[in-house]
Structure formats: C-alpha cells, structure tokens
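Structural overview
Here is what each chain is made of, one letter per residue.
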Amino acid sequence: MEKVRIGIIGFGHMGTQHSTALLANKVDNAVLTAIADIDPKKLEKAKALAGDKVSYFDSAESLMDSGLVDAVIPTCPHYYHPVYGIYALEHGLNYLCEKPAGVYTNAVKKMNEVAASSGKVFGVMFNQRTNPLYQKARDLVQSGEIGRILHCHWLISSWFRPQSYYDNSTWRATWKGEGGGLLMNQNPHNLDLWQWICGMPCRVKADVYYGKYRNIEVEDDVYALMEYPDGHIGTYITTIADEPGTNRLEISGTRGKLVIENDSITFWRCREDTDDFQKRFKGEIGHPEIWKCEIPVKGTYTSHCGIIKNFCDAIQKGTPLLAPGSDGIKSLEIINAIFLSSWTGGGWVDLPIDADKYEALLKEKCGGSFCC
C-alpha cells in the first residue's frame, strides 16, 4: 500500500491532535480516512476540521467494519483501549493503542494474547520513546556505561493541572471513567521510560493521596519506592500541584551518575568503577577520580508523528516497532502495583501483581462495574 489508511476512534483532545497532524501530511506514509465518535457534537467538530476528506461514524465498530481503514488509533476513555484493540485485531486491522494500554492488567493481557496470534501490527503510543534525550540515556544505561545500577530517582512534578482541566470532562479523574488520575493519565509516559531505561521492578510500595489538591476522587500526589531484581532501589515522585514543576531523572551506578534534566544529560563519570575502587583502597576516606561530562544528544524529537510513522513502516516494510504494543502492560503493571500498595496498607506488592485481586478492588471503587 502507498499509504496506510488510519481511522481515529474518539474526537477529543488527542483525536483532534492526531487528525490535524495526519491531515497536514506530517506522516508521509499515512492518510486519515475515517473518524468515529458517539457524540454528535464532536463529529460536527471533526467535520469542520476535515470536511469531505474523511468518512464519519457514530460508533467504533462501524468504523472498523467499514473497509475504509487499515489501522485504527483509539483516543477514547482508557477502559476501551483493550476492548477496541481486541475487536480491531480480530477483524484484521492493525492497532496503535493510545496510552495507557488499559486500566487493569487482566484486560491488557487478553489484548496482548489476541495481538500475538493475529499476525497484525500492534503498537502503543509511547511517543516519548522518540525523544533522543531518553534514547541516549537508555543507551548509556543498557550498554553498561554507568556500570551496575545502584539507585534511580525520578521527580516528575511538571504535570500541573488546574481544577478546570478535570471539570471539562465527566469521565476524567474518576475510577469508573478513567481508572485513576495522575498515574493513569499523565505518568504512563514517564513510567514507560523508567522501565525502558532501568528495567522492571520486582516489588513496589507507595503512599498515594487522593483528591489532596483538586476536587477529584482519584490520585493527584504520589510517592513510590521500588526494588529491582538486582537489589537496586528506585524512588518515583509525581504530582499535579507544583508550578513550576521539576522533571529530573537521576540514575546512579558504579561507574557514575546520569542526571537528565532541562533537555540535557550530565554524566558524572567515575574514572574507576566504585566496586573495584572500594576493594583496593586502604585509606579511611577516599574517592575515585570523577569527571563531569556533558553528553551530546543528536536527533529530533518526533513525538506522536514519529510513532505513527514507525507504526506504518512496520505495516509496510516490517520495520521493528519502537514501541511494541506488548510493552504497554509494563508501565500499567507498575501503576496497578502502586495503587494496590496504597489500597492494602502501603506495604510491598510483588510484581507481577495479583491481577484478579486488583480487578476486584478496582471494581469496588467503580461501584461494582466498569464502564465497558
């Protein structure tokens, strides 16, 4: 195919963004051919943007059954991401799932199983994986440049949201509509990068505050402690209250420390691995020689368009996915573990979590049933 025909399910903020980019030909191997929304007013907005360039549908299923698309992107409430993913993949369509992959891991596991046997391309919209800053950080860690990881800490408080943000939508910041708040809406990106760079923790415990700064029922302030299979420790702090906020990722290893902040990477490099230094050093107090290195970062952050292009390249040419859909469950597993720790007294929760227990507790918070 010359261009992959894309259908957008849901015409809210992200649906508008993706549609605008595709209509402006910002993805050279994709074309927008269909938009679906159950809200007639949103369909009218879509028609005002795209005119007769696309077809319009009042349900996701009718769009996917139309024969007008090769792939779909859902920009709808999170509970529907695996629902529409399973439908698309079972009906021969490629699927680029918006983040998060879902709200609870049981649903996402089912989607991943369908995807694995479908023969179709399955991606997830982790657009920050296209950022050369985090690509370089991952390379430095994965290549062993910083040695054995000792600690990793992310303070991400640059997600400021006013009350009006939550008041604009009835489904947002509710357990039944969104399945969470700060963690489920903003932080899937950061938690994906966290595990993409440093790996998955083996257990988590957390203090989570619900409606602390805004009039919402879900979380808006989070403090999590994570332990990894090799014994290293991570801390993760995030909130919607701080302005100006901070976005600082610090990773310490036996060969030095990376600080990723303000769109730059500083590497405080130990000339000698600290494991080796402490074995040979016989004095009372000593340190290996340390160099401050400003790491050059090359490339362009292509964000959502970069992920869509890579997804279409995978369909057309078999190009490896930068963000495979099966990776979506990883950040969700961490989110579910943070909630589960909070809901059960703040103690350690092992990963993988007890998915059935989590689903049951979440269903209680939703009044006994989910939105779909």
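Just above, that's the structure.
1. So, the environment of Cys312
Along the chain, Cys312 falls in helix α11 (residues 303–317). Measuring from C-alpha to C-alpha, the distance between Cys312 and Asn94 comes to 9.3 Å, with 218 residues separating the pair along the chain. With near-sequence residues (within four places) excluded, Cys312 lies in contact with Val4, Ile6, Asn29 and Ala30.

2. With respect to the pattern of salt bridges
This model, assessed by the stated rule, comprises 16 salt bridges. Here Asp192 and Arg129 are joined by a salt bridge, their closest N and O atoms 2.7 Å apart. In this pair, Asp192 is assigned in helix α9 (residues 188–198) and Arg129 in the loop between β6 (122–124) and α6 (132–142), connecting sequence segments 63 residues apart. Both residues of the pair, Asp192 and Arg129, count as buried. The shortest N-O distance in the salt bridge between Asp313 and Lys317 comes to 3.6 Å.

3. Observations concerning the sheet that holds strand β2 (residues 30–36)
With parallel pairing, the six strands of this open sheet are ordered in space as β3-β2-β1-β4-β5-β6. Of all strands in the sheet, those bounded by a partner on one side alone are β3 (55–57) and β6. Each strand of the sheet is rotated relative to its neighbour by a mean of 25 degrees, with strand direction disregarded. Alignment of strand β1 (residues 4–9) against strand β4 (residues 71–74), held across four bridges, turns out to be parallel. Bridge pairing in β4 places Ile8 opposite Ile73.

4. A few points about the environment of Thr319
Here Thr319 shows up in the loop between α11 and α12 (328–343). Here Thr319 falls in the partly exposed class, since its relative accessible area comes to 28%. Residues contacting Thr319, with those up to four places away along its chain left out, are Asn310, Asp313 and Ala314.

What counts and how
- Residues numbered from 1 in each chain as written.
- Predicted model: local features only at pLDDT ≥ 70, side-chain atom pairs only at ≥ 80, totals over all residues.
- Heavy atoms only, no water.
- Helix = DSSP H or I, 4+ residues; strand = E, 2+ residues; numbered from the N terminus.
- Contact = heavy atoms within 4.5 Å.
- Salt bridge = Lys/Arg side-chain N within 4 Å of Asp/Glu carboxyl O.
- Buried < 20%, exposed > 50% of the residue type's maximum accessible area, 1.4 Å probe, protein only.
- Pairing = 2+ DSSP bridges.
- Axes fitted to C-alpha atoms, helices over the stretch in contact; angles between N-to-C directions.

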